[in-house]
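Coordinate inspection notes
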Amino acid sequence: MFKIGDFAKLNRVTVATLRHYDAIGLLQPETTDNFTGYRYYSAEQMPKLNRIISLKELGFSLEEIAMILSHKSGDTLKLLLQLKQNEIRSRLEEEQSRLNRIETFMKIYEQEDYIMDYNIVLKTIDEIKVAGLRDFIPSYSEQGHLWMELGEYLDKKGVKTVPPCMVIYYDAGYKEDKVDAEIIEPILGDLKGNDRIKVRNLESVKQMACVVHKGSYQTLSSAYNALSKWIEENGYTISGPQRELYLKGEWDSKSPDEYITEIQIPVSIH
């Protein structure tokens, strides 16, 4: 029989660990002296302690280890090992993806310092109810007449809007003219559209690459460049039309330098 200190030293664990295992019923001493309270362990308990240590190193919690030890069947251990294997693989994939993004970020930073102004993130975008007006516009900046038409219709119907408003661009690439655009106002309550204005649920997007730009609309190209490079470097492909969300604009700021726009592009992995 070994005193708790000697047993701990032989198995390279702390006395505090053995006392904790005793307290939770995971590994109790072979015997305890009723007079002194000293705990004594036997050599036969070493394999059990070694299994506890091994399972703990594999990432199992003490509760999971207790369940494994309480089942004599190897099927329970096999099932839990498979679950732990899947859990670790999933974490590894997430960490590898994060590592790839860091390496890409470092590479871009070395090439272009200004990219550091943009923090690009992947987000899941929920479905929302919207009123939209889609038409061809002469250029990206010439959309004011559409906003006026949509705004007048919503005011007439007494519909409450929910910021931010946005534009969806449906063209596959950059256009010099005849830009296929839809201006969007998220809304609350019921609304019936007409031949021009459509009311629908704007679909959710599982993976949306997003970047926030502060400044004039004329400088949005820098944010688009940063976002495009990030998408390419991280092995994604564009999988849907891009969105521009206007978080702060001329309605609440006199200076274009204070405008805040979020660019969102749906992506999927190669």
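Overview of the structure.

About the thresholds
Residues numbered from 1 in each chain as written. Predicted model: local features only at pLDDT ≥ 70, side-chain atom pairs only at ≥ 80, totals over all residues. Heavy atoms only, no water. Axes fitted to C-alpha atoms, helices over the stretch in contact; angles between N-to-C directions. Helix = DSSP H or I, 4+ residues; strand = E, 2+ residues; numbered from the N terminus. Parallel < 35°, antiparallel > 145°, perpendicular 65-115°, else oblique. Left-handed = near helix turned anticlockwise from the far one by under 90°. Contact = heavy atoms within 4.5 Å. Nonpolar A, V, L, I, M, F, W, Y, C, P; charged D, E, K, R; others polar. Disulfide = S-S within 2.5 Å. Pairing = 2+ DSSP bridges. Core = buried A, V, L, I, M, F, W, Y, C linked by side-chain atoms within 4.5 Å. Buried < 20%, exposed > 50% of the residue type's maximum accessible area, 1.4 Å probe, protein only.

It is worth spelling out the packing of helix H1 (residues 4-11) against helix H3 (residues 46-57) at this point. Axes are the key here: two packed helices are described by the angle between their axes and the distance separating the axes. Running from amino to carboxyl end, H1 crosses H3 at an angle of 55 degrees, the nearest separation of the two axes being 11 Å. Viewed along their axes, H1 and H3 adopt a mutual orientation that is oblique. Between H1 and H3 lies a crossing whose hand is right-handed. Taking contact as the criterion, the partners of Phe 7, Leu 10 and Asn 11 in H1 are, on H3, Met 46, Leu 49, Asn 50 and Ile 53. Of the residues that constitute the contact of H1 with H3, the class distribution is five nonpolar, two polar and no charged.

All told, the structure shown has zero disulfides when counted by the stated rule. Take Cys 210: it sits in no disulfide, and the sulfur closest to it among the cysteines is that of Cys 165, at 16 Å.

Reading across from one edge, S1-S3-S2 is the order of the three strands in this open sheet, with antiparallel pairing throughout. Single-partner strands in this sheet number two, and they are strand S1 (2-3) and strand S2 (31-32). Bridging between S2 and strand S3 (residues 39-41) involves two bridges; their strand directions are antiparallel. Across the sheet, Thr 31 pairs through a bridge with Tyr 40, a residue of S3.

So, on to the nonpolar core. The tendency in soluble globular proteins is for nonpolar side chains to be buried as a group. Counting residues in hydrophobic clusters, the biggest one holds 19 residues, and the most contacted among them are Leu 18, Tyr 21, Leu 26, Leu 49, Ile 52 and Ile 65. Residue contributions to this core peak at four residues, all from helix H4 (residues 62-70). Apart from the residues within four sequence positions on either side, Tyr 21 is in contact with Leu 26, Leu 27, Leu 49, Ile 52, Lys 56 and Leu 62. In this structure, Cys 165, Tyr 169, Ile 187 and Leu 191 belong to the second largest nonpolar core, which totals 18 residues.

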